[in-house]
Amino acid sequence: NVYGGFAGTETSLEERSLHEHPTYLDGSHAQRVLYQSEPLAEETAVVWDGFVIRNGYMRSGACYDYSTTMLAHPREDSYYSLKLQGAGAVLMDNVTLRHVSFEGNFIALQREYDNRVNGNALGMSGGRLDHVSVVNNTTDYVSDVNSMANSYVYVVNAQIDSCSFTHNVGKMALYGCTVNASRFEYNQVRAELPVMDDLNEAELYVDASTMRYCFLS
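How each quantity is defined
Residues numbered from 1 in each chain as written. Predicted model: local features only at pLDDT ≥ 70, side-chain atom pairs only at ≥ 80, totals over all residues. Heavy atoms only, no water. Phe/Tyr/Trp six-rings, centres within 6.5 Å; stacked < 30°, edge-to-face > 60°. Helix = DSSP H or I, 4+ residues; strand = E, 2+ residues; numbered from the N terminus. Buried < 20%, exposed > 50% of the residue type's maximum accessible area, 1.4 Å probe, protein only. Lys NZ or Arg CZ within 6 Å of the ring centre and 35° of its normal. Contact = heavy atoms within 4.5 Å.

Draft legend 1. Looking closely at the packing of aromatic side chains. Summed over the entire model, instances satisfying the criterion amount to five aromatic pairs. Considering the side-chain rings of Y57 and F106, the 6.4 Å spacing of their centres and the 25° angle between planes classify their relative orientation as stacked. With Y57 in strand β5 (residues 57–59) and F106 in strand β10 (residues 106–108), this residue pair connects regions lying 49 residues apart in the sequence. Owing to a relative accessible area of 28%, Y57 belongs among the partly exposed residues under this scheme. According to the relative accessible area criterion, F106 is partly exposed, its value standing at 23%. On the numbers, 5.6 Å between centres and 50° between planes, the contact of Y154 with Y175 is tilted. Residue Y154 is located in strand β15 (residues 151–156), and its partner Y175 is located in strand β18 (residues 171–175); the two are separated by 21 residues in the primary sequence. Judged by its relative accessible area of 3%, Y154 is buried. Site record: aromatic cluster; members linked through ring pairs are Y154, Y175 and Y205. The side chain of R54 reaches across the aromatic face of Y24, ending 3.8 Å from its centre.

Draft legend 2. Main features of the environment of G4. With respect to the secondary-structure elements, G4 resides in the loop between β1 (2–3) and β2 (24–26). Setting aside anything within four residues of it in sequence, one finds G4 in contact with R16, L18, T23, D49, G50 and F51.

Printed below as a string of structure tokens:
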């Protein structure tokens, strides 16, 4: 497991302070921050605990040229495959993010690739989000082709507990997730292309998921 929040003088995990000693994983507006190329087996499960993942950057053409994770769509009746291309992080199976913030991550879209960029801040399949904050992440514009594309968070088959998603621009897409005690507020859709269906106007797109005790505004 990987832990942040240390000043360097601690002798135990309990002595760290996430508030006083934030640990930044910074893409410097030049590169993706975290990328996992293959799913993890249960015996190699990992926890990332106590980090700020910020300023991740990619251009959408580069997402197609390399480091694009292809997954089968969880809905059998869908012909779409999933391309997880998060500028902040791409993670798969048996990964837990705990006390992690995503701030200011961005994918610059190119028109020829504009309809399939999934997860500007975070693209994740499997795993768990626990006390994760996603704030001030931006999508260039919302696709007029695929209602679920060009989202700032794109999560499939994951557990989401006590998380907050605030002040983001774009869509958030959840498939096969269980969401508990989480907040979705002050987010907005940027739709510069013609809207083809009502789903393009949704800030939060949920499919085959369960939400309990959540706050949406």
